[in-house]
Amino acid sequence: MNEKQRLEGQQVETANSSDKKSAKDYSKYFEQVITAPSLKEAKKRGKEEVKYHNDFAIPEEFRGMGNGRKFYIRTYGCQMNEHDTEVMAGIFLALGYEPTDNTEDANVILLNTCAIRENAENKVFGELGHLKSLKLEKPDLLLGVCGCMSQEESVVNKILKTYQQVDMIFGTHNIHRLPNILNEAYMSKEMVVEVWSKEGDVIENLPKVRRGKIKAWVNIMYGCDKFCTYCIVPFTRGKERSRRPEEIIQEVRHLAAQGYQEVTLLGQNVNAYGKDLEGVNYGLGELMDELRKIDIPRIRFTTSHPRDFDDRLIEVLAKGGNLMDHIHLPVQSGSTDVLKIMARKYSREQYLELVRKIKAAIPNVALTTDIIVGYPNETDEQFEETMSLYREVGYELAYTFIYSPREGTPAAKMEDNVPMEVKKARLQRLNALVNELSLEAMKKYKGQIVDVLVEGESKNNPDVLAGYTSRSKLVNFAAPKSAIGKIVKVKITEAKTWSLNGEMVEELEPAEVK
Ligand code: SAM
Ligand code: SF4
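Residues numbered from 1 in each chain as written. Chains lettered and ligands numbered in written order. Predicted model: local features only at pLDDT ≥ 70, side-chain atom pairs only at ≥ 80, totals over all residues. Heavy atoms only, no water.

A. How the structure looks around the overall build of the chain. A tally of helices and strands in the chain yields 14 helices and 22 strands. Scaling as 2.2 N^0.38, a compact globule of 514 residues should have a C-alpha radius of gyration of about 24 Å, and the chain matches this with 23 Å. Each principal axis of the C-alpha atoms in the chain carries an extent, and together these give about 65 × 55 × 50 Å. Classification of the 514 residues of the chain by burial places 57% in the buried group. Long-range pairs, those at least 24 residues apart, make up 75% of the contacts in the chain with a sequence separation of at least 6. In the structure as shown, the chain presents an accessible area of about 22,900 Å², 48% of it carried by carbon and sulfur atoms. The centroid of the 72 positive side-chain charges in the chain is displaced by 2 Å from the centroid of its 77 negative side-chain charges. (Helix = DSSP H or I, 4+ residues; strand = E, 2+ residues; numbered from the N terminus. Rg over C-alpha atoms; globule rule 2.2 N^0.38 Å. Buried < 20%, exposed > 50% of the residue type's maximum accessible area, 1.4 Å probe, protein only. Contact = heavy atoms within 4.5 Å. Areas by Shrake-Rupley, 256 points an atom, 1.4 Å probe, with all protein chains shown as cover. Lys, Arg positive; Asp, Glu negative; His and termini not counted. Charge placed at Lys NZ, Arg CZ, Asp CG, Glu CD.)

B. Seen up close, helix α13 (residues 380-393). Counted at 1.5 Å a residue, the expected span for α13 with its 14 residues is 20 Å, and the 20 Å between its end C-alpha atoms agrees. Looking at α13, one finds that the buried residues are Gln382, Phe383, Thr386, Met387, Leu389, Tyr390 and Val393. Mapping the buried residues of α13 onto a view down its axis gives an arc of 160°, with all of them on the same face. Considering only its buried residues, α13 is in contact with α11 (336-341), α12 (348-361), β16 (366-373), β17 (397-402) and α14 (420-443). Positive phi appears at Gly394, one or two residues downstream of α13, with a value of about 75°. (Expected span 1.5 Å × (residues − 1). Arc of directions from axis to C-beta.)

C. Expanded view of the sheet that holds strand β21 (residues 487-495). The five strands lie next to each other as β18-β19-β20-β22-β21, forming a closed barrel whose pairing is mixed. Between one strand axis and the next, the sheet turns by 50° as a mean value, whatever way the strands run. (Pairing = 2+ DSSP bridges. Axes fitted to C-alpha atoms, helices over the stretch in contact; angles between N-to-C directions.)

D. Structural context of the sheet that holds β17. Strand order across the open sheet formed by three strands is β15-β16-β17, with parallel pairing between neighbours. Strand pairing shows two members of the sheet lacking a second neighbour, β15 (326-328) and β17, which therefore form its edges. Adjacent strand axes in the sheet meet at a mean angle of 10° when their direction is disregarded. As paired strands, β16 and β17 are joined by six bridges and run parallel to one another. By the bridge assignment, Asp370 is partnered in β17 with Tyr399. Taken strand by strand, α14 contacts β16 and β17, and its axis lies near 175° from that of β17.

E. Structural context of the pairing of strand β6 (residues 142-147). Burial of β6 is extensive: six of the six residues sit out of reach of the surface. Residues Leu142, Gly144 and Cys146 of β6 are buried on one face, and the alternating residues Leu143, Val145 and Gly147, pointing to the opposite face, are buried as well. Sheet analysis places strand β5 (residues 108-113) next to β6, joined by six bridges and oriented parallel. Bridge pairing in β6 links Leu110 to Gly144. Read from β5 through helix α4 (residues 118-137) to β6, the crossover connection turns out right-handed. Across two bridges, β6 lies against strand β7 (residues 168-170) in parallel orientation. What sits directly across from Gly144, in β7, is Met168. You can see the chain leave β6, run along helix α5 (residues 153-162) and come back into β7, and the turn it takes is right-handed. (Right-handed = clockwise from strand over helix to strand, strands pointing away.)

F. Layout of the packing of aromatic side chains. Applying the stated criterion to the full structure yields nine aromatic pairs. Ring centres of Phe92 and Tyr97 lie 5.0 Å apart, and the angle between their planes is 85°; on these two criteria the pair is classed as edge-to-face. Taken as a pair, Phe92 and Tyr97 share a single burial class, namely buried. An aromatic cluster of three or more residues is present, and its members are Phe71, Phe92 and Tyr97. Positioned over the ring face of Tyr186 is Arg69, at 4.0 Å from the centre of the ring. Taking NZ or CZ as reference, Arg244 lies 4.0 Å from the ring centre of Tyr52, over its face. (Phe/Tyr/Trp six-rings, centres within 6.5 Å; stacked < 30°, edge-to-face > 60°. Lys NZ or Arg CZ within 6 Å of the ring centre and 35° of its normal.)

G. Region of the structure containing the site of ligand 1. Taken together, 15 residues lie near ligand 1, and Tyr230, Gln268, Gln332, Asp370 and Ser404 sit nearest. One of the side-chain nitrogen or oxygen atoms of Arg344 is found 3.2 Å away from an oxygen atom of ligand 1. A distance of 2.8 Å separates a nitrogen atom of ligand 1 from a polar atom in the backbone of Ser404. Calculation on ligand 1 without its partners gives an accessible area of 560 Å², and the protein chains cover 91% of this total. Elements that contribute at least two residues to the shell around ligand 1 include exactly β16 and β17. (Near = heavy atom within 4 Å. Polar contact = N/O pair within 3.5 Å; in protein donor to acceptor, adjacent residues only side chain to side chain.)

H. Region of the structure containing the environment of Gly408. Here Gly408 is to be found in the loop between β17 and α14. On a C-alpha basis, the gap between Gly408 and Glu153 in space is 9.7 Å, while along the polypeptide they are 255 residues apart. Setting aside residues no more than four positions away along its own chain, Gly408 makes contact with Leu39, Phe235 and Lys413.

I. Up close: the packing of α12 against α13. Close contact between α12 and α13 brings their axes to 11 Å; oriented N to C, the two are set at 10°. As judged from the angle between their axes, α12 and α13 are roughly parallel. For the pair α12 and α13, contact is made by Arg348, Tyr351, Leu352, Val355 and Lys359 and by Glu385, Ser388, Leu389, Glu392 and Val393, respectively. (Parallel < 35°, antiparallel > 145°, perpendicular 65-115°, else oblique.)

J. Main features of the site of ligand 2. The immediate surroundings of ligand 2 are formed by Cys224, Lys226, Phe227, Cys228, Tyr230, Cys231, Val233, Pro234, Gln268, His305 and Arg344. Among the residues forming the shell around ligand 2, the class breakdown is seven nonpolar, two polar and two charged. (Nonpolar A, V, L, I, M, F, W, Y, C, P; charged D, E, K, R; others polar.)

K. Layout of the environment of Gly96. Topologically, Gly96 is positioned in the loop between α3 (79-94) and β4 (98-99). The spatial distance from the C-alpha of Gly96 to the C-alpha of Ile341 is 50 Å, given a sequence separation of 245 residues. Sequence-distant contacts of Gly96, that is, excluding residues within four places in its chain, are made with Gly66 and Asn67.

L. Representation of the packing of α3 against helix α6 (residues 178-187) in the model. Contact geometry for α3 and α6: axes closest at 10 Å, N-to-C directions at 65°. For the pair α3 and α6, the crossing hand works out as right-handed. Contacts between α3 and α6 involve Met88, Ile91 and Phe92 on the former and, on the latter, Leu178, Pro179 and Leu182. In terms of residue class, the contact of α3 with α6 is built from six nonpolar, no polar and no charged. (Left-handed = near helix turned anticlockwise from the far one by under 90°.)

What follows is the structure, given as structure tokens:
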């Protein structure tokens, strides 16, 4: 849905939709449904043109709405959500609100949620339970739920029935409507729900407050069209929409001029970047080739889908410079049969061939991955194929998950003959292998001098600084605080499974980029 459709009154369309099975009658629970979500609507992929807007402004009547008020946003899930929080924080500041890091001081609390696995959702429901007493103490407090969970019908229904302390629910496609939603929530006695099931337009000039001054996230595209059979993201984030290259390049230039040291380009499937841009043959390879000429020390991207990882991108990444030698390349399973059921659209052999090409072009590359174990009916042999692929690729790290059924996805309807104890045992074995190879990779750094982008004090010891190498290895070392925000040379003295310890080996001057 875009602004025009909204104004033309697509409202409550989902509540009255002919899709009786998935669109529920939300209105019986409360009076003020503005727009409720529908997974069926979210699944549709239309040909409508994506419109680009540069005209976001805080409506006159809402200016000063936040004067004397404070906001608090708790973020769950991926970098995309973290970055959405930066945008919402920008809107709050533009409305006159002040930030607070304490829920008790806040006049508005938002939970920016993640729907990727059941335990991510349970955390949010738990938090809503905790916040109930605060809401009882402070009836004027506004409590909102936004992000991916809001895009799910079942979640919205559950909140409506069980969590009446919530004042507003809005989704991932209408963040720019936050001023209107807040206003509605202040005026109304009922819960305000505005969730667009169809993705909105691309809005370029939303305000944002970045969390730090060293590293920045830059969206290059929104949504996902891959529909892997286990995944809720294509439903919660809509169809693939690429930002225009000139807007991205300008944003990165601006960040470089502000002194940022690192930019991570964000998308659910960044390798599909550009496919939807009309009339141009322009992909992630072309974009990276332009960005590498910008004077910013480090550029990364996440997340890559192996299927769209093309030779042009490999060729550009091999040029090095400020393009980092770490690629996160989720494989999900080492079994061609499981990959087929997951609809990943590559085989074990095709994935290994891609890895071979990447390693040939970028010999120093660090590869990391995501793996799901215990997919419905995954056999012992299929799991062993994942284990053998892990060793064969020689990943330096992995995020590993037990499969979690997500309502509305094809996998959630599959019968599953794998008991939970078996899934847990497989995860344990895989994690042991992940740890083993991680330590092996870390040990190779002993005695080496590496460039570390210093991010701040170590979480466990304020006398120690912490930062990351170009290949995303965490390094802890003693150094003056003036090193924070700089890239410095550090000699590695000790290797652990998840981090390195070292000593700074230079006078404090910005180091040359490798
Ligand atoms: N777009 C990325 C890709 O294609 O690899 C992944 C994005 S997703 C936010 C991050 C990871 O969560 C996935 O790579 C997958 O391993 C995991 N994941 C997604 N859905 C899952 C599910 N239903 N159960 C368990 N893990 C899941
Ligand atoms: Fe989900 Fe990634 Fe597959 Fe898209 S490509 S459906 S985000 S796992």
